[in-house]
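Residue-level structure breakdown
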Amino acid sequence: MPSISKASRLRKIIVYGFLILFLLPVVVRASLYAVAQHPASWRDADWSSAGMLPPAGADPRARVLVLSGRAGGLKGILAVHSWIVLKWANAGAWMRYDVVGWGTPVRINNWPADGRWYGSTPTIVADVVGGKAEALIPKIEAAVKDYQYDHAGDYRIWPGPKSNTFVADVLRAVPELDAELPPNAIGRDFRALPHAGLSDSRTGIEVNLWGVLGLKLGLDEGVEINVLGLVAGLDLRHPALKLPGFGRIGFANATAVAAQNP
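Everything in this summary refers to the structure shown in the same document. (Residues numbered from 1 in each chain as written. Predicted model: local features only at pLDDT ≥ 70, side-chain atom pairs only at ≥ 80, totals over all residues. Heavy atoms only, no water.)

**Notes on a nonpolar patch on the surface**
The cut-off we apply is this: A patch is a set of surface residues, each over 30% in relative accessible area and not in a salt bridge, joined within 9 Å for like charges and within 5 Å for the nonpolar side chains Val, Leu, Ile, Met, Phe, Trp and Tyr. Working definition of accessibility: Shrake-Rupley area with a 1.4 Å probe, residue cover restricted to the visible protein chains. Salt bridges are defined by distance alone: a side-chain nitrogen of Lys or Arg within 4 Å of a carboxyl oxygen of Asp or Glu. Strands here mean DSSP runs of E at least two residues long; helices mean DSSP runs of H or I at least four residues long; both are numbered from the N terminus. Partly exposed residues are those whose accessible area sits between 20% and 50% of the maximum for their type, while under 20% is buried and over 50% is exposed, using a 1.4 Å probe and protein chains only.
A surface patch of nonpolar side chains, amounting to about 810 Å² of accessible area, comprises Ile 205, Val 207, Leu 215, Leu 217, Val 223, Ile 225, Leu 234, Leu 236, Leu 241 and Ile 249. Of all the elements in the fold, those that place two or more residues in the nonpolar patch are strand S7 (204-209), strand S8 (213-218) and strand S9 (222-227). As for its position among the elements, Ile 225 is in strand S9. The exposure class assigned to Ile 225 is partly exposed, which follows from its relative accessible area of 34%.

**A look at the packing of aromatic side chains**
This is how the line gets drawn: Each pair of aromatic rings taken from Phe, Tyr and Trp, with Trp reduced to its six-membered ring, is defined by centres within 6.5 Å and is described as stacked if the planes are under 30 degrees apart, edge-to-face if over 60, and tilted in the remaining cases. Should the NZ of a Lys or the CZ of an Arg lie within 6 Å of a ring centre and within 35 degrees of the ring normal, that charge is described as sitting over the ring.
All chains considered together, the criterion is met by ten aromatic pairs. Here Trp 47 and Trp 117 contribute two aromatic rings whose centre-to-centre distance is 4.9 Å and whose plane-to-plane angle is 85°, an arrangement assigned as edge-to-face. Of this pair, Trp 47 sits in the loop between helix H1 (2-35) and strand S1 (63-70) while Trp 117 sits in the loop between strand S4 (106-108) and strand S5 (123-129); the two residues are 70 residues apart in sequence, bridging distant segments of the chain. By the burial criterion, Trp 47 is buried, and Trp 117 matches it. Between Tyr 149 and Phe 190 the ring centres are 6.0 Å apart and the planes differ by 65°, which places this aromatic pair in the edge-to-face class. Taken together, the residues span a long stretch of sequence, with Tyr 149 in the loop between helix H2 (131-145) and helix H3 (163-173) and Phe 190 in the loop between H3 and strand S6 (195-198) at a distance of 41 residues. Per residue, the accessibility class of Tyr 149 equals that of Phe 190, and both read buried. Put simply, the rings of Trp 47, Trp 83, Trp 111, Trp 117 and Tyr 118 pair up and form one aromatic cluster. Taking NZ or CZ as reference, Lys 87 lies 6.0 Å from the ring centre of Trp 94, over its face. Across from the ring centre of Trp 83, 3.9 Å away, lies the NZ or CZ of Arg 96, which sits over that ring.

**Concerning the layout of surface pockets**
For clarity, the threshold we go by: Put simply, the grid is 1 Å and covers the protein atoms alone, a cavity is a trapped set of points that fit a 1.4 Å probe, a pocket is an open set with protein on both sides within 12 Å along at least five of seven lines, and lining residues have an atom within 4 Å of a point. Grid points are joined across faces, edges and corners, and a volume is the space filled by probe spheres set on the points. Polar here means any residue other than Ala, Val, Leu, Ile, Met, Phe, Trp, Tyr, Cys and Pro, which are nonpolar, and Asp, Glu, Lys and Arg, which are charged; Gly is therefore polar.
Of the voids in this model, the second largest pocket is the one considered here, and its volume is about 470 Å³. Together, 25 residues line the second largest pocket, and Ala 71, Gly 72, Lys 75, Trp 117 and Tyr 155 are the ones closest to its centre. Put simply, the parts of the chain that give the lining of the second largest pocket at least two residues each are strand S2 (80-87) and H3. A class-by-class count of the residues in the lining of the second largest pocket yields 18 nonpolar, five polar and two charged.

**Some details on the environment of Ala 133**
Which entries qualify depends on this criterion: Residues count as neighbours in contact if any of their non-hydrogen atoms are within 4.5 Å of one another.
Residue position: Ala 133 is located in helix H2. Judged by its relative accessible area of 0%, Ala 133 falls in the buried class. Taking C-alpha positions, Ala 133 is 8.9 Å from Ala 89, a pair spaced 44 residues apart along the chain. Setting aside anything within four residues of it in sequence, one finds Ala 133 in contact with Ala 62, Arg 63, Val 64 and Val 128.

**Quick look at the environment of Gly 211**
Within the element layout of this structure, Gly 211 appears in the loop between S7 and S8. Residue classification places Gly 211 among the buried positions, given a relative accessible area of 6%. As a C-alpha pair, Gly 211 and Ile 186 span 25 residues in sequence and 8.9 Å in three-dimensional space. Not counting the four nearest positions on each side in its chain, Gly 211 is found in contact with Asp 189, Phe 190, Arg 191, Asn 226 and Gly 229.

**Remarks on the sheet that holds strand S12 (residues 247-250)**
What counts, and what does not: A pair of strands counts as paired when DSSP detects no fewer than two bridges linking them. Axis geometry follows a simple rule: fit a line to the C-alpha atoms, using only the stretch in contact for helices, then measure angles between N-to-C directions, giving values from 0 to 180 degrees.
Strand order in this open sheet of seven strands is S6-S7-S8-S9-S10-S11-S12, and the pairing throughout is antiparallel. Either end of the sheet is taken by a strand with one partner, and the two such strands are S6 and S12. Taken over all neighbouring pairs, the strand axes of this sheet differ in orientation by 10° on average, direction set aside. Where S7 and S8 come together, six bridges link them in antiparallel fashion. Bridged to Ile 205 within S8 is Leu 217.

Given below as structure tokens:
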């Protein structure tokens, strides 16, 4: 009887933990989404520049950014869309790389570098300027070129590969960017095969089953539990909760702020 009682308590802890960490945040996010205003379709959404970046020619330095904006439609309840922006030193134009779910996945300059995504103003995940950016750009462009899911039909909305898978793959290929996509970048943890080893930051460990189930423990990642692509956890380095749909709730991560227009 004692062992049965302990097993029962353990099951209750697991069930209640799942309800609190995964189901409750999803319900709250869905409720907030239901009462907010949204574009009726992609045609009605604002895709214009958010005014976060100066014209490329206004600053001679090389620059690399990773940006993220709330996804459109019902996907916006849970997920964000991420992309990469860069320019070489003395370049007169920005380059933007996205992955989308129609046609050939990898798209170049389909939208303004700092364009709103379905009307959502993007946030900055990483911002590297100057000599370091100049050194990283060839590695980034090589990783974009080598992205293995760049064929029509490769994109899958769940568990991946998708837009966040693309950016996460580039970040793994260029660890010097020292960046991590937000927890609600669904698809970032997708891998073609099960993975057990170092986490992406190389400051911890990760066990991952195709991005559907996983666990991360690390200095940069903190504690993350992945269930069906939804991530809950705790950031210890920059104290914050990680909750499905919401991403981070707490102190800001170590991300940069884009330069204002001159």
